Amino acid sequence: MPFRQLLPALLVSVGLTLLMLPLQEAIDLSNTALLYVLVIVVIGSHYGRLPAIAAALLSALLYAHVFVPPLFSLAITEAQYLLAAVVMLVVALLVGHLTAALKAQAEQVQARETQTRALYDLARHLTAAQRPTEVEEIASRFLGTALQAGHTRILAESEFAAPPAPLDAAVLQSALAGGQPLLTPGGDPRHTFALVPLLASGPPHLLVCELPAAQARNPGTRALLETASSVLTVALERTHFAAVARETELRRAAESLRGSILSALSHDLRTPLTVMLGLADSLALGKASAERQKSMLAALRNQALSINQLVTNLLDMARLRSGNLELNQEWQPIDEVIGATLRQVRAQWKDREITLDIPPGLPPLRLDAVLVERVLWNLLENAIKYSPADTPVELVARRFGDWLDVMVCDWGPGLPADGGEELFGLFRRGQSESSIPGVGLGLAIARSIAEAHGGQVLAENRMGGGACFRLRLPLGNAPTLSDLENET
């Protein structure tokens, strides 16, 4: 033990002697011995066994030299004084030893408690880990706190070909085959590499970290590494099977989506194509009257528009699902967006009545006009298709607090009893078997675009029959005219 750790103990013994020296005649020898023993207990509890022993020896010498007659001499003439000095020395050594032993045990208990708490925190944080990189990050923090470890990595067996220096693939493979933590010297004598296998039913991994040499020699280090390895192994196994489950779910979803697309295309694309071929063949014969030809050309155009709408919806949903949607947002009045949408709708459904209720003075919205027109088109198309032809479709705009709602209401059969939330899923239709064309993407596209704008699309049944679909968009802080002039 370095001398600087013994020095405080020796100074305390000398200091006690100097304090008691003026009181030599007032304090009995037995009380003086007890004071020395008390000091040794304090030294043992603070500095450990060796400083306590050194203080006991020095205190015995000082006691015999300064306080036992003849004073300031080690030539003790009376047996009782010699016996008192010897007993004082033995008691001091024994008490110092016991105190130091208790201190060491307390430190061990505290260290085990700290490690147990660290292991608990490790297990708690690992429950939220979803990927091996997250497990590695949590393990690095844990070992850095518990063992002062650095450069912690979790290597898969496929990464052994490029191990961290100065290790090589043979050492890593040997540690993995051994199945037990392996401590091997590093390039720096002050550090030691710990190689801990993480073996489970999934792919094998190896935990590699760099420990201080003193920490590596600690008997509790290996036990802590073994315990931590079992927790990390379970976490890695869970992330492995979670990844397998995610991949399986993605494959299943992809197969389901592909099947839905093929089913939709085979039904809703083949039917209008068949009609178009029949109309084209009839026109090619040239036997129909001019009025009949005009009607057939209008029907041919409507079928082409139906196919165009189907393909547009499929492309829109593919773009939304890919995450590549970029909003071209500008401040625009909502009535202009509604007007542009109505012009397109009335070009296809000329005879359908659409009533408007848009109050003046509505604030502008920051939106992508093309995409919001797509939302309104899908909502109006849905209302027109699923309501009687002799009933009007109502379009209402209202401001509610910080939101602007555009409602499209019809007098059709209304929503299902469960509220119709599933209608917003992909390839979901109000009636699974229906002569009404469509693939069940319109509402899903509308909700996705609204959410991209920070809004919502809600559905509810209306009193008296029918349904209302509500496009809700945030108002935001619209710029003033002076702000726009300053920007330009």
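Data block above holds the structure.
Residues numbered from 1 in each chain as written. Predicted model: local features only at pLDDT ≥ 70, side-chain atom pairs only at ≥ 80, totals over all residues. Heavy atoms only, no water.

Here's the deal with the overall build of the protein chain
The line we're drawing: The numbering of helices and of strands both runs from the N terminus, where a helix is a DSSP run of H or I of at least 4 residues and a strand a run of E of at least 2. Three labels apply to residues, based on accessible area from a 1.4 Å probe with only protein chains included: buried if under 20% of the type maximum, exposed if over 50%, partly exposed otherwise in between. Residues are treated as being in contact if the distance between any of their heavy atoms lies within 4.5 Å. All accessible areas in this document rest on Shrake-Rupley with a 1.4 Å probe, and a residue is counted as covered only by the protein chains that are shown.
Of regular secondary structure, the protein chain possesses 14 helices and 11 strands. Within the protein chain, the fraction of its 488 residues that count as buried is 37%. In the protein chain, 65% of the contacts between residues at least 6 apart in sequence involve partners at least 24 apart. Entry remark: accessible area of the protein chain is about 27100 Å², with carbon and sulfur atoms responsible for 58%.

Concerning the state of the cysteines
The cut-off we apply is this: By definition, disulfides here are pairs of cysteine sulfur atoms that lie within 2.5 Å.
Tallied over the entire structure, the rule returns one disulfide. Disulfide partner of C409: C468, at an S-S distance of 2.0 Å. Here C409 and C468 share a disulfide; its torsion about the S-S bond, 115°, makes the bridge right-handed. Residue C409 is located in strand β9 (residues 403-409), and its partner C468 is located in strand β11 (residues 467-474); the two are separated by 59 residues in the primary sequence. For the residue pair C409 and C468, the accessibility class agrees, reading buried in each case.

Remarks on the packing of helix α11 (residues 334-348) against helix α12 (residues 369-385)
What describes two packed helices is the angle between their axes and the distance between those same axes. Rules: Axis definition: a line fit to C-alpha positions, over the contact stretch in the case of helices; interaxial angles, taken between N-to-C directions, run 0 to 180 degrees. Oblique is the label for every angle not falling under 35 degrees (roughly parallel), over 145 degrees (roughly antiparallel), or within 65 to 115 degrees (roughly perpendicular). For any pair of crossing helices, the crossing counts as left-handed if the nearer helix is rotated counterclockwise from the farther one by less than a right angle, and right-handed if it is rotated clockwise. Gly falls in the polar group here, along with every residue not listed as nonpolar (Ala, Val, Leu, Ile, Met, Phe, Trp, Tyr, Cys, Pro) or charged (Asp, Glu, Lys, Arg).
One can describe the packing of α11 onto α12 by two numbers: an axis separation of 9 Å at closest approach and a directional angle of 45°. In terms of axis orientation, α11 runs oblique to α12. Where α11 crosses over α12, the handedness of that crossing is right-handed. Contact residues: α11 offers V337, I338, A340, T341, L342, Q344, V345 and Q348, while α12 offers A369, V372, E373, L376, W377, L380 and I384. Among the residues making up the contact of α11 with α12, the classes are represented as 11 nonpolar, three polar and one charged.

Some points on the pairing of strand β3 (residues 191-198)
Here is the rule we go by: Think of it this way: DSSP has to see at least two bridges between two strands before they count as a pair.
Counting buried positions over the eight residues of β3 gives seven, a clear majority of the element. Both β3 and strand β4 (residues 205-212) contribute to a ladder of eight bridges, which runs antiparallel. What sits directly across from H191, in β4, is P212. In this antiparallel pair of consecutive strands, β3 and β4, the connection spans six residues.

A look at helix α5 (residues 132-147)
One full turn of an α-helix is made of 3.6 residues, so residues set three or four places apart face in the same direction. As a reminder, the rule being used: To estimate the expected span of a helix, count its residues, drop one, and scale the result by 1.5 Å. In this context, the arc is that of the directions from the helix axis out to the C-beta atoms.
For α5, built from 16 residues, the straight-helix expectation of 22 Å at 1.5 Å per residue is met to within 8% by its first-to-last C-alpha distance of 21 Å. Within α5, burial applies to V135, I138, A139, F142, L143, A146 and L147. One side of α5 carries all its buried residues, which in axial view fall inside an arc of 130°. Those residues of α5 that are exposed and angled more than 90 degrees off the buried face are T133 and T145. Downstream of α5 by a residue or two, Q148 has a phi angle that is positive, lying close to 55°.

Thoughts on the environment of E381
Tracing the chain through its elements places E381 in helix α12. Using a relative accessible area of 8% as the deciding quantity, one classes E381 as buried. A sequence separation of 61 residues divides E381 from G442, and the C-alpha atoms of the two residues are 8.6 Å apart.

Focus: unusual backbone geometry
Phi is positive for H151, close to 55°, though the residue is something other than glycine. Take H151: it is sitting in strand β1 (residues 150-156). Judged by its relative accessible area of 64%, H151 falls in the exposed class.

Observations regarding the sheet that holds strand β6 (residues 354-357)
On the basis of which strands lie adjacent, the open sheet formed by five strands has the order β6-β8-β9-β11-β10 and mixed pairing. A single partner strand is all that each edge strand has here, and the edge strands are β6 and β10 (456-461). Across this sheet, the average inter-strand angle for adjacent strands is 20°, counted without regard to direction. Here β9 pairs with β11 via seven bridges, running antiparallel. Counterpart to L404 in the pairing with β11 is L473. On the sheet, α12 packs against β8 (393-400), β9, β10 and β11 and is oriented at approximately 170° with respect to β11.

Just geometry here; none of it tells us what the structure is for.
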